[in-house]
There are 2 protein chains.
Amino acid sequence: MPPANHTVDAAEVAALLERGRTLSTPVLRAAVDRLAHPMDTVAAYHFGWIDALGRPADGDGGKAVRPALALLSAEAAGAPPETGVPGAVAVELVHNFSLLHDDLMDGDEQRRHRDTVWKVHGPAQAILVGDALFALANELLLELGTVEAGRATRRLTVATRKLIDGQAQDISYEHRERVTVEECLEMEGNKTGALLACSASIGAVLGGADDRTADALEAYGHHLGLAFQAVDDLLGIWGDPESTGKQTWSDLRQRKKSLPVVAALAAGGPASERLGELLAADAKSQDLESFSEEEFATRAALIEEAGGRDWTADEARRQHAVAVGALDRVEMPSRVRDRLTALADFVVVRKR
Amino acid sequence: MPPANHTVDAAEVAALLERGRTLSTPVLRAAVDRLAHPMDTVAAYHFGWIDALGRPADGDGGKAVRPALALLSAEAAGAPPETGVPGAVAVELVHNFSLLHDDLMDGDEQRRHRDTVWKVHGPAQAILVGDALFALANELLLELGTVEAGRATRRLTVATRKLIDGQAQDISYEHRERVTVEECLEMEGNKTGALLACSASIGAVLGGADDRTADALEAYGHHLGLAFQAVDDLLGIWGDPESTGKQTWSDLRQRKKSLPVVAALAAGGPASERLGELLAADAKSQDLESFSEEEFATRAALIEEAGGRDWTADEARRQHAVAVGALDRVEMPSRVRDRLTALADFVVVRKR
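Residues numbered from 1 in each chain as written. Chains lettered and ligands numbered in written order. Predicted model: local features only at pLDDT ≥ 70, side-chain atom pairs only at ≥ 80, totals over all residues. Heavy atoms only, no water.

## Details of the environment of Leu279 of chain A
Looking at the element boundaries, Leu279 of chain A is found in helix α13 (residues 270-284). Residues Leu279 of chain A and Val85 of chain A, 194 residues apart in the sequence, show an inter-C-alpha distance of 45 Å. (Helix = DSSP H or I, 4+ residues; strand = E, 2+ residues; numbered from the N terminus.)

Below is the structure:
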C-alpha cells in the first residue's frame, strides 16, 4: 500500500528515527532514573532496558516516530533539532504512561514481544509507574522555566486529555453492538491523532514558533496519526505476528471495533450482513479464546469481502494526503519539509 | 489532644472550610463537566454529587482543608482569596486522582461511607478517571496563561511526583517486616505533606509571591501535613467508625505500618517485643479477615502499652508547632496568620 506519487527513502527514514532515538534516549533514561525504587526498575523493564530479572537488555523500545517528529518540528521552526529534545522525551513519557495503563485496562499480556508490566510486576506498579511517567513529562518541560515551555506543556496536557478520552471511547465501544465509522474515526483521532499532533508541533513551540505554525504542524501530525492508526488497524487483523509481536487476528480476538470492522459493517451487502450476524453472536459469547484459527479467518475474509480492508487502506492514503498538504501552510526549509513528508510516507507503508 | 497554648475557634475554622468549598466547588464541577461520558459520571460519583444509580446526591466531599489553605495562601501574598481558586481546584483534582488510584491499588472498598469507584464502576474507570483528573489539574492552571500559573503548575507537578513516591513507599512497606520511624515519616511527608505544602503555597504563587514566601508557606503546609497524617494514623487505629467512615482497627486490618505501629516496634520493652512477635506471625498469615475484634484489640493495646499512641500524639503536636513557626518567616496580614494558625489547630484536634 505505497502512497500515490511517493516512494519512501527507507535509509533516510531510518536515519531520522535513529537520530530521534539517539538524542532523546539519554534524556529519557536520566528522567526515569529520577523515579524512586522500585518504580525506576519497573519503568526500565517497560522501556526494554532490562529484563524481568533485572538484567540489562537491548529491548525493542518501539518505532520512535514521536521523538523523530519532535526533532523535525523544532527544525521546521528554524531551531536546531536539540531544541525539540525535552518535547520528544515528554511526549514519549506520556505515550508510555498511556501504554502502561491501557495494557492493564485492556488486559493485554504482551507488548513488543514481551510480557506487559502488569503481568510481570503487578497491577499496582503498572498504575503507579504510569502516573509517575505522566508527572515526569510535565516536570521535564516546566523545569525549562520558559514561556515556550509553558505553552508546550499546555498543548501536551490538552493532547493527554484527548488520549484519555480516546481510551474511554475505545473501552465503551467494546461493549456496544454497533459503532459508526465516524465514532471510530473520532476515537482514533483522540487515541492516536492527538499525541502525534503534539509530537509534530512541540519542538516548534519550544523553538518559539507562533500559534499559526504550531497549529499547521499539529494538523499534519493529527492526520498522520489517523493514517498511522488506519495502518495499525490493518496490521491488527492481517499483520504478520512475526513483525507485529502480536497474536494472529489480534484485534478480532479482542472484539476491537476497528476501522476495517466498522467500515465492513457499514458497507451493506451479503458479506456485510453475514459478518454482522457472526459478530452479534460472538458478542453474546464470553469466550473467544476457544475459537479456532479458522473461525477468525472466516471473519477476516468477510471483512475483506465487504470492502473493509480496501476502505481502510484508502483511508490511510487519504489521511496521508491531508497530512502532507497541511505542511504547505508553514514556511520551512525544504529539507525539513522533505523529511516530514518521508516520515509520513513511512507511516503508511510500515509492516509493524 | 489539643495543641499546647491553643484553643480552636471551631466556628472560624468551619467558616474557612465552608468558604473554600463555596468558592472552589462550582469551578471543580465545571472542570469535571469537561470530561467525556462516562468519565464525567464516574467522577461525579466519586465526588459524591450523584449516587451509584446516577441520582443527585449531597455526598460528603471530604473535609476540604486543601481548598481552604489555597485561598488563605493567596491572602497571605496580599491577593484576594479568589486568586487562589484555580490552585484550590487543581490541588483537589490531584488529591482525588490519587484517591481513585490508591483505593484501587490498595483494594479499599469504602471511602467517605460509600463504595469506592473501582467497586461500583470497575478498575478501568478508576484508572481512567484518575488519569483524567490529573490532566485536568494541569490544564486548568496552564490555561490561565500567566508566568505565575507556569510556576504554580511546576510546584504542583513536583508535589504530585512526591505523592506517587509516597504511595510507592507505602505499598513496598506493607511487604516488609520492619519499617523504621524515619522511613515512615519520609513516606508520610511524600504522601500527605507534599500536597498540603502545595495547597498552602499555590494561592500565594498565583498571587505573585516570591520564592522565599512560597517556600515558607510550603514549609508550613508540609509540617501541617505531617501533623495531619499523625492524627490520621491515630484515627486509623482508635478512630470511631461512625466518624471516620472506616472499619474498626482499619489500618491494622490492612497491615499498615503506620506511625503508632513503627514507633511501638522501635520502643523496645516487653509490650514492643510481644507486638513484634504477633505482627511477624500475622505477616505470614494470608487472612487477617478472619481475625476477631479481640485479636485486633490486643494488638492495639500492645501498641498503646509500648508507647506508640502517645509518641504519635506528641509527634502531631511537634509538627503542628513547626508548621505554625514557619509562618513567622512570612510577612502577612495578622488576620491571615491567625486563620492559618486556626486551621493548623483544627487539623490536630479533628475526629475524622
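## Description of empty space enclosed by the protein
All names here are of chain A. Summed over all chains, the structure comprises 4 cavities of 30 Å³ or more. Forming the walls of the largest cavity are Tyr45, His46, Leu99, Leu100, Asp103, Arg111, Arg112, Arg114, Asp115, Thr116 and Val117. Going through the elements one at a time, α2 (39-46), α4 (85-106) and β2 (114-115) are the ones with two or more residues in the lining of the largest cavity. Broken down by element, the lining of the largest cavity gets its largest block of residues, 3 residues, from α4. (1 Å grid on protein atoms, 1.4 Å probe; cavity = no way out; pocket = protein on both sides within 12 Å on 5 of 7 lines; lining within 4 Å. Points joined across faces, edges and corners; volume = space filled by probe spheres on them.)

## Structural notes on the environment of Phe47 of chain B
Here Phe47 of chain B is to be found in the loop between α2 (39-46) and α3 (65-76). Among the residues examined, Phe47 of chain B registers a relative accessible area of 5% and is labelled buried. (Buried < 20%, exposed > 50% of the residue type's maximum accessible area, 1.4 Å probe, protein only.)

## Considering the side chain of Arg339 of chain A
All names here are of chain A. By the element assignment, Arg339 lies in helix α16 (residues 334-349). Taking the relative accessible area as the measure of exposure, Arg339 reaches 17% and is therefore buried. With residues up to four places along the chain from it excluded, the contact list for Arg339 reads Glu12, Leu16, Arg19, Leu72 and Glu75. (Contact = heavy atoms within 4.5 Å.)

## A short note on the packing of aromatic side chains
Enumeration over the complete set of coordinates arrives at 7 aromatic pairs over all chains. An angle of 40 degrees between the planes, with centres 5.5 Å apart, marks the rings of Phe291 of chain A and Phe296 of chain A as tilted. When sorted by exposure, Phe291 of chain A lands in the same class as Phe296 of chain A, which is buried. Arranged with centres 4.7 Å apart and planes meeting at 25 degrees, the rings of Phe97 of chain B and Phe134 of chain B form a pair that is stacked. Of this pair, Phe97 of chain B sits in helix α4 (residues 85-106) while Phe134 of chain B sits in helix α6 (residues 123-142), and the two are 37 residues apart along the sequence. Here Phe97 of chain B and Phe134 of chain B have matching classes, each one buried. Over the ring of Tyr45 of chain A we find Arg114 of chain A; its NZ or CZ atom is 4.1 Å from the centre of that ring. (Phe/Tyr/Trp six-rings, centres within 6.5 Å; stacked < 30°, edge-to-face > 60°. Lys NZ or Arg CZ within 6 Å of the ring centre and 35° of its normal.)

## So, the relation of the copies chain A and chain B
Taken as rigid bodies, chain A and chain B are interconverted by a rotation of 180 degrees and an axial shift of 0.0 Å, the fit giving an RMSD of 0.0 Å. What the superposition gives is, in effect, a two-fold axis relating one chain to the other. In terms of C-alpha distance to the rotation axis, chain A has Gly150 of chain A as its closest residue, with the C-alpha 2.9 Å off the axis. Taken together, the interface assignments show that 100% of the residues at the interface of chain A recur at the interface of chain B, consistent with an identical surface on both copies. (Least-squares fit on C-alpha atoms with pLDDT ≥ 70 in both.)

Keep in mind that these numbers describe shape and distance, not what the molecule does.
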